[in-house]
Amino acid sequence: MSGHATLAPEGVEEIDLKALERELAGAVEGEVRFDAGTRAIYSHDSSNYRQPPLGVVIPRHAEDVVAAVRACREHGAPVLPRGCATSLSGETTNVAVVIDTSKYMREIVEIDPQREIARVQPGVIRDQLAEITESRHELTFAPDTSTHEYATFGGMIGNNSCGIHSVMAGRTADNVEELEIVTYDGERMRVGPTSEEELEEIIAAGGRRGEIYREMRELRDRQADRIRERYPDIPRRVSGYNLDELLPEKGFNVARALVGSEGTLATVLEATVRLVHSPPARSLLVLGYPSVFEAADHVPEILAHEPVGLEGIDSRLIDDMVQKGRHTSEVPLLPGGEGWLLVEFGAEEREQSHARAEECMAELRRDPTAPEMKLFDDAGEEQRLWEIREAGLGATSYVQGERDHWPGWEDAAVPPARLGSYLRGFRRLLDEHGYRAALYGHFGDGCVHCRIDFDLRSAGGLRTWRRFLDRVADLVVEHGGSLSGEHGDGQQRAELLPKMYGEELVGAFGEMKRIWDPGNRMNPHKVVDPYPIVSNMKLGSDYAPPEVDTHFAFPEDGGSFAHAALRCVGAGKCRNAASDTMCPSYMATKDEEHTTRGRARILYEMLEGQTITDGFRSDEVHEALDLCLSCKGCKGDCPVSVDMATYKAEFLSGHYKRRLRPMAAYSMGLIMLHARLAQHVPRLANLLTHAPGVNRLVKRAAGLSGEREIPPFAHQTFKAWWQGRGAVNPNADPVVLFPDTFNNFLHPEPIKAAVRVLEDAGFRVVVPAPALCCGRPLYDYGMLDTAKLFWRRMLDALAPHIHDGVPVVGIEPSCVASFRDELPNLMPHDEDAKRLSLQTLTLAEFLQRHAPDWDAPRLSRRALVHGHCHQEATAGMSAEQELYERLGLDAEILDSGCCGLAGSFGFEREHDEISREIAEQARLLPAVREAGEETILIADGFSCKTQIEQLSERRALHTAQVIAMALDHGPSGVAGSRPEAAYPDLVQNGDGRLREAALVGGAVAAGLGVAAGATALLRSR
Ligand SMILES: Cc1cc2nc3c(=O)[nH]c(=O)nc-3n(C[C@H](O)[C@H](O)[C@H](O)COP(=O)(O)OP(=O)(O)OC[C@H]3O[C@@H](n4cnc5c(N)ncnc54)[C@H](O)[C@@H]3O)c2cc1C
Ligand code: SF4
Ligand code: SF4
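**Overview of the overall build of the protein chain**
The secondary structure content of the protein chain amounts to 43 helices and 24 strands. For 1021 residues, the compact-globule estimate of 2.2 N^0.38 gives 31 Å, and the protein chain sits close to it at 31 Å. Out of the 1021 residues in the protein chain, the part that is buried amounts to 63%. If you take every contact in the protein chain between residues at least 6 apart in sequence, the share linking residues at least 24 apart comes to 76%. As displayed, the protein chain has an accessible area near 35,600 Å², and 49% of this comes from carbon and sulfur atoms. One way to put it: in the protein chain the 112 positive side-chain charges average out to a point 5 Å from where the 156 negative ones average out.

**Comments concerning the site of ligand 3**
Near ligand 3 there are 13 residues, and of these Cys583, Arg599, Cys628, Cys631 and Cys634 occur at the shortest range. Taking a 2 Å distance to the grid points as the criterion, the majority of the atoms of ligand 3 fall inside the second largest cavity. Where the shell around ligand 3 is concerned, the elements lending two or more residues are helix H21 (596-608) and helix H23 (633-637). A per-class count over the shell around ligand 3 returns eight nonpolar, three polar and two charged.

**What about the site of ligand 1?**
Near ligand 1, the surroundings consist of 35 residues, among which Pro81, Gly83, Thr86, Ser87 and Cys162 are the closest. A distance of 2.9 Å is found between an oxygen atom of ligand 1 and a backbone nitrogen or oxygen belonging to Ser146. Within the backbone of Cys162, one N or O atom sits 2.7 Å away from a nitrogen atom of ligand 1. Taking 990 Å² as the accessible area of ligand 1 by itself, protein coverage stands at 97%. Ranked by residues supplied to the shell around ligand 1, first place goes to helix H5 (residues 153-159) with five residues. Per-class residue counts for the shell around ligand 1 are 13 nonpolar, 18 polar and four charged.

**Some words on empty space enclosed by the protein**
Rolled over the atoms, a probe as big as a water molecule pinpoints where empty space is left. Per the counting criterion, the structure on display carries eight cavities of 30 Å³ or more. Approximately 100 Å³ is the volume found for the largest cavity. Contributing to the lining of the largest cavity are 15 residues, with Cys568, Ala571, Gly572, Cys574 and Cys638 lying nearest its centre. Tallied by class, residues from the lining of the largest cavity come to 10 nonpolar, three polar and two charged. A volume near 70 Å³ is recorded for the second largest cavity. Lining the second largest cavity are 14 residues, and of these Cys583, Arg599, Cys628, Cys631 and Cys634 sit closest to its centre. Residues belonging to the lining of the second largest cavity are distributed by class as follows: nine nonpolar, three polar and two charged.

**Side note on the packing of aromatic side chains**
The full count for this structure, using the stated rule, is 25 aromatic pairs. Here Phe426 and Phe468 contribute two aromatic rings whose centre-to-centre distance is 6.5 Å and whose plane-to-plane angle is 35°, an arrangement assigned as tilted. Taken as a pair, Phe426 in helix H16 (residues 419-432) and Phe468 in helix H17 (residues 459-478) lie far apart in primary sequence, 42 residues in all. Both residues of the pair, Phe426 and Phe468, count as buried. Taken together, a centroid distance of 5.0 Å and an interplanar angle of 90° make the contact between Tyr435 and Phe454 edge-to-face. Of the two residues, Tyr435 is situated in the loop between H16 and strand E16 (440-442) and Phe454 in the loop between strand E17 (447-449) and H17; the sequence distance between them amounts to 19 residues. Of the two residues, Tyr435 and Phe454, neither departs from the other in class, the shared state being buried. Members of the aromatic cluster, connected to one another through ring pairs, are Phe552, Phe554, Phe561, Phe616, Tyr647, Phe651 and Tyr779. Over the aromatic face of Tyr398 sits the side chain of Arg567, whose NZ or CZ is 4.6 Å from the ring centroid.

**Concerning the sheet that holds strand E21 (residues 840-841)**
If you trace the four strands from one edge of the open sheet to the other, you get E19-E18-E20-E21, paired in parallel fashion. This sheet does not close on itself; its edge strands, each paired only once, are strand E19 (764-766) and E21. Bridge count for strand E18 (residues 734-738) against E19 is three bridges, and the pairing is parallel. Its bridge partner being in E19, Val736 is matched across the sheet by Val766.

**Concerning unusual backbone geometry**
Following Met582, the chain continues to Cys583 via a peptide bond in cis, the omega torsion being -10°. Looking at the secondary structure, you find Cys583 in the loop between helix H19 (561-566) and helix H20 (584-589). In this structure, Phe554 is a non-glycine residue whose phi angle is positive, near 45°. Taking the relative accessible area as the measure of exposure, Phe554 reaches 3% and is therefore buried.

**Digging into helix H39 (residues 912-921)**
Within H39, the full set of buried residues consists of Asp912, Ile914, Ser915, Ile918 and Ala919. In a view along the axis of H39, the buried residues occupy a sector of 165°, so they form one face of it. Where the residues of H39 are buried, they touch H20, helix H40 (924-930) and helix H41 (942-951).

**Some details on the nonpolar core**
In this structure, Trp409, Tyr422, Leu423, Phe426, Trp465, Phe468 and Trp516 are the most contacted members of the largest nonpolar core, which totals 108 residues. Leave out the neighbours within four places in its chain, and Trp465 touches Asn48, Tyr49, Gly408, Tyr435, Phe454, Leu456, Gln492, Ile533, Val534 and Met537.

**Digging into the pairing of strand E14 (residues 339-347)**
Taken across its nine residues, E14 has nine buried, putting it largely inside the fold. With burial as the criterion, each face of E14 is covered, one bearing Gly339, Leu341, Val343, Phe345 and Ala347 and the other bearing Trp340, Leu342, Glu344 and Gly346. Alignment of strand E12 (residues 281-289) against E14, held across nine bridges, turns out to be antiparallel. Looking at the pairing, Leu287 lines up with Leu341 of E14. Sheet topology places strand E13 (residues 309-314) next to E14; six bridges connect them, and they run antiparallel. Within E14, the residue paired with Glu311 across the bridge is Leu342.

**A look at the sheet that holds strand E6 (residues 117-120)**
Pairing between the strands of a sheet is mediated by backbone hydrogen bonds and can be parallel or antiparallel. The strand order across the open sheet formed by five strands is E5-E6-E10-E8-E9, and the pairing between neighbours is antiparallel. At either end of the open sheet lies a strand with only one pairing partner, and these are strand E5 (108-112) and strand E9 (188-191). Each adjacent strand pair in this sheet contributes to an overall mean axis angle of 10°, direction not counted. Across the sheet, helix H3 (residues 62-75) is in contact with strand E8 (176-182), E9 and strand E10 (267-274); its angle to E10 comes to roughly 140°.

**A word on the packing of helix H8 (residues 207-230) against helix H18 (residues 497-516)**
Where H8 contacts H18, the two axes come as close as 9 Å, and the packing angle between them is 175°. Relative to H18, H8 is oriented roughly antiparallel. Facing H8, whose interface residues are Arg208, Ile212, Glu215, Met216, Leu219, Arg222, Gln223, Arg226, Ile227 and Arg230, H18 presents Lys499, Met500, Tyr501, Gly502, Glu504, Leu505, Ala508, Glu511, Met512, Ile515 and Trp516.

**A word on the side chain of Glu812**
The residue Glu812 is located in the loop between strand E20 (808-810) and helix H34 (813-826) in this model. A polar atom in the side chain of Glu812 sits 2.8 Å from the backbone nitrogen of Phe942. Excluding residues that lie within four positions of it along the chain, Glu812 makes contacts with Asp740, Phe742, Asn743, His868, Asp940, Gly941 and Phe942.

**Here we look at the packing of helix H27 (residues 682-690) against helix H28 (residues 694-701)**
In the contact formed by H27 and H28, the axes pass within 5 Å of each other and the chain directions differ by 90°. Considering the angle they form, H27 stands roughly perpendicular to H28. Only Val694, Asn695, Val698 and Lys699 of H28 make contact with H27, whose side of the interface consists of Leu688, Thr689 and His690. Of the residues that constitute the contact of H27 with H28, the class distribution is three nonpolar, three polar and one charged.

**Quick notes on the pattern of salt bridges**
Overall, the coordinates contain 81 salt bridges when judged by the stated rule. Its salt-bridge partner being Asp221, residue Arg220 comes within 3.0 Å of it at the nearest N-O pair. The exposure class assigned to Arg220 is buried, which follows from its relative accessible area of 6%. A salt bridge links Arg696 to Glu707, with the shortest nitrogen-to-oxygen separation between them at 3.5 Å. Of this pair, Arg696 sits in helix H28 while Glu707 is found in the loop between H28 and helix H29 (718-723), placing the two residues 11 residues apart along the sequence.

**So, a negative patch on the surface**
Side chains of Glu131, Glu134, Glu149, Glu387 and Glu390 sit close together on the surface and give a patch of like negative charge. Those elements that place two or more of their residues in the negative patch are helix H4 (126-137) and helix H14 (379-390). Its place among the elements puts Glu149 in the loop between strand E7 (139-140) and H5.

Conventions we followed
- Residues numbered from 1 in each chain as written.
- Chains lettered and ligands numbered in written order.
- Predicted model: local features only at pLDDT ≥ 70, side-chain atom pairs only at ≥ 80, totals over all residues.
- Heavy atoms only, no water.
- Helix = DSSP H or I, 4+ residues; strand = E, 2+ residues; numbered from the N terminus.
- Rg over C-alpha atoms; globule rule 2.2 N^0.38 Å.
- Buried < 20%, exposed > 50% of the residue type's maximum accessible area, 1.4 Å probe, protein only.
- Contact = heavy atoms within 4.5 Å.
- Areas by Shrake-Rupley, 256 points an atom, 1.4 Å probe, with all protein chains shown as cover.
- Lys, Arg positive; Asp, Glu negative; His and termini not counted.
- Charge placed at Lys NZ, Arg CZ, Asp CG, Glu CD.
- Near = heavy atom within 4 Å.
- 1 Å grid on protein atoms, 1.4 Å probe; cavity = no way out; pocket = protein on both sides within 12 Å on 5 of 7 lines; lining within 4 Å.
- Sits in = over half its atoms within 2 Å of the grid points.
- Nonpolar A, V, L, I, M, F, W, Y, C, P; charged D, E, K, R; others polar.
- Polar contact = N/O pair within 3.5 Å; in protein donor to acceptor, adjacent residues only side chain to side chain.
- Points joined across faces, edges and corners; volume = space filled by probe spheres on them.
- Phe/Tyr/Trp six-rings, centres within 6.5 Å; stacked < 30°, edge-to-face > 60°.
- Lys NZ or Arg CZ within 6 Å of the ring centre and 35° of its normal.
- Pairing = 2+ DSSP bridges.
- Arc of directions from axis to C-beta.
- Core = buried A, V, L, I, M, F, W, Y, C linked by side-chain atoms within 4.5 Å.
- Axes fitted to C-alpha atoms, helices over the stretch in contact; angles between N-to-C directions.
- Parallel < 35°, antiparallel > 145°, perpendicular 65-115°, else oblique.
- Salt bridge = Lys/Arg side-chain N within 4 Å of Asp/Glu carboxyl O.
- Patch = residues over 30% accessible without salt bridge, like charges linked within 9 Å, V, L, I, M, F, W, Y side chains within 5 Å.

Set out below in structure tokens:
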């Protein structure tokens, strides 16, 4: 029982993969990818399982799917249809040709509000449809998985998915009207409810369709009594095939019988789904009980009040969240207790939904053991509480000081009336096996979620897990429940189905499979005739990735790069293209390869060694990481804080060890060195980078895009300006102002404004004399040894200030993020590094903490703020928000994602186009275009400002400049439109031409020397 080895369906080793790939490429308009990188990326779903596929087809339309299935059939290749692959039972992994409909097949074909139906392609996302139908027609597709922002209809149909609002209108099976499908043997048909008459006609017409219908009718007739007897009559019966839908009383509904078949019977080409009224007004009542068991006991009496949502959570979930510092401001909103029910009431008007909640409360109060109750009035607070519930997986996966928690028994369902009893028995079993789990879920439907700290790495641990699964499956069956209440059987539960249904019905599932897929080529060995539970595992007792010496310490992963590569739990949030920062490259490409998840998986595969065999040298891994902007969006937005920017830097460091990097690494990664040279000859440097003709050659040599303008160097750097200044506030408290490379050499005006603000707030500004740089651009190219040298120099130069506890203010957010994030991660044992990382603040944070009594100037203007992605990920924007309020600004912090320029990324020749695309797709440019001409645009990041300036008609100001405007002009600020015109980033003045000419020769020679030296140094790394 070692578990890790990959099992494959019969006969795949005999397939001529090259010929299959060729045939597929000729047959479909979409993409066909059989390369190792793609196979690695598609090896996983969100479960404990992995199986590298044979190859991947990304069809553009239904005809492509049909053609792909035909080509596979001709080669005997198994097929696995796939949506977003957020499945938790291993049903979306197999050694098969994956047909991924999620990239192109996203068309909503029809919405008919009168008939209350919609027709969708399988790659349409649940929220893509629901957002339209809810806003325009007050209709919705009721099953709303926690993954509703990215799960597809194909996948929801495959798994018979459910969600919070299934209480209102059931599972996906209950909301599907008709399907268009294609079978493995090429029969394309529409299926749905079938009257006896139609059934006779179809059978009489014969052919493959008639045969399928005839055999299904025979199967139904033989098994009808057993189905009626053994199928539990509960809201969440998701395990097994829906043979009950073929019963006469259910109208021989073939569409619904196929729902939940997990890609094992046929491929869905189009679905007609039912829409239900979505009450526009909602009220949230939260009930606090002494324990989660008592909360569960009270579910039936709450259900009598007909809520539209009824969810449960226990105190362990809250403890885990608090321990991780997540949702800490939401937790106090909960009423007292150790187990909670979140009860949502719906109606046409808010007063009505509130009245229903109040009725429920009044009745509960009659009981002397009434729960603590809190009815919410604020939509924002309600949303935040739902986020607690939806954050279950992120909160419980990796808890400090505990074993990792995994899926594996995460969605069983029982009759709601027996939920309390089941939970008590479940907790006893967990305790008996030494397991820990927080409990939460769709209590109104009797469905319980949890991740459990199974030991999936040792033979003993695997045996205990397997024993536990037998015991807990028995417990569910004793309670009249379903092994799966929404995630499906896949490989995780299929072996246990005889306990729930008995051997005869499991035999009937096999017969259903043979009727539809006689050759066992559709997602083989999932649901029917399953692979053993302990096989095809990501872990297993024979999983042994190499331990790698790394530059970063990876403290959250116990110092292990392999654990970091395993960290992604596959929740799929990085495939949400509509909000947040993560993941800009996916937002632009809609390609799995360019998700955080895809990158995490290929890193896992690189260490695992089966699909990617050349380790850190791998070009496939390089390609998958290439479009990662190192924006850190994932570190902030991913529920388990996958930190791809750090993993990428580590990978690139290994990848280029003792090899030359691309030119941009030297031109942009070492910008701090070039800038130091350029400060002596700024006009020459600007001439080379701006003179028509010459500039193209320079950019080409530097690996940069010819379409991008290189920001000019300042004739007078900030530090040169600073040196000529007299002392201000000489006896006041000191603050170190960090002159970062970008603001010192390229944008001196914002940092001068920062001096002005700090002095106005009563501080003595100190600017370090040595040339310092945090090395921010080095991480993007994995130049980590050089970055460490820079930090060493920084720590030496700042040591006296660090020891005196003098705060350090950085005005470039990405530099502040480096002090906070990269510095302690690269130098985990250096006490000064820890101190400096804690002492470094943004301007707003500094003013908030150290100048609470400052009489801030007022500015009564409207402002739109784009937060830098690194800042959003490492510190958030709350201090900035508070500062803007203090100034009196009507400031809106945009959900505008990553700007797309991301340091040097957008300047690089091969990334310019996608950088522009990201600025559009991640919502920054549309917001800038929509801003009124008098609205002040604020962006503190050098990249963000540059992107806005280069791709729009506007320019954004730094927060320091905005405060300077208030100091200069009073509350109304600069009059008229485009107020930024009065506050440039760069004012070119001073002559010094002669001096510059004299220095040119020396500078050029020095430049060549530095370049040669740098190249030699980097070759040696
Ligand atoms: C964090 C997290 C939270 C979740 N919360 C919920 C929840 O609240 N409720 C819930 O029900 N589930 C939940 N799930 C499970 C999962 O998100 C749902 O089952 C979801 O509907 C799957 O959609 P998908 O697009 O990811 O499907 P996939 O995983 O891609 O596919 C699911 C199954 O459908 C099959 N399939 C896909 N496309 C087709 C097609 N065109 N034709 C035939 N078969 C097809 C696949 O072969 C596979 O067997 C959760 C998962 C995670 C990771
Ligand atoms: S990277 Fe994070 S958000 Fe993306 S799938 Fe993995 S866990 Fe989910
Ligand atoms: S760092 Fe940014 S671009 Fe890279 S994976 Fe994370 S979110 Fe995506």
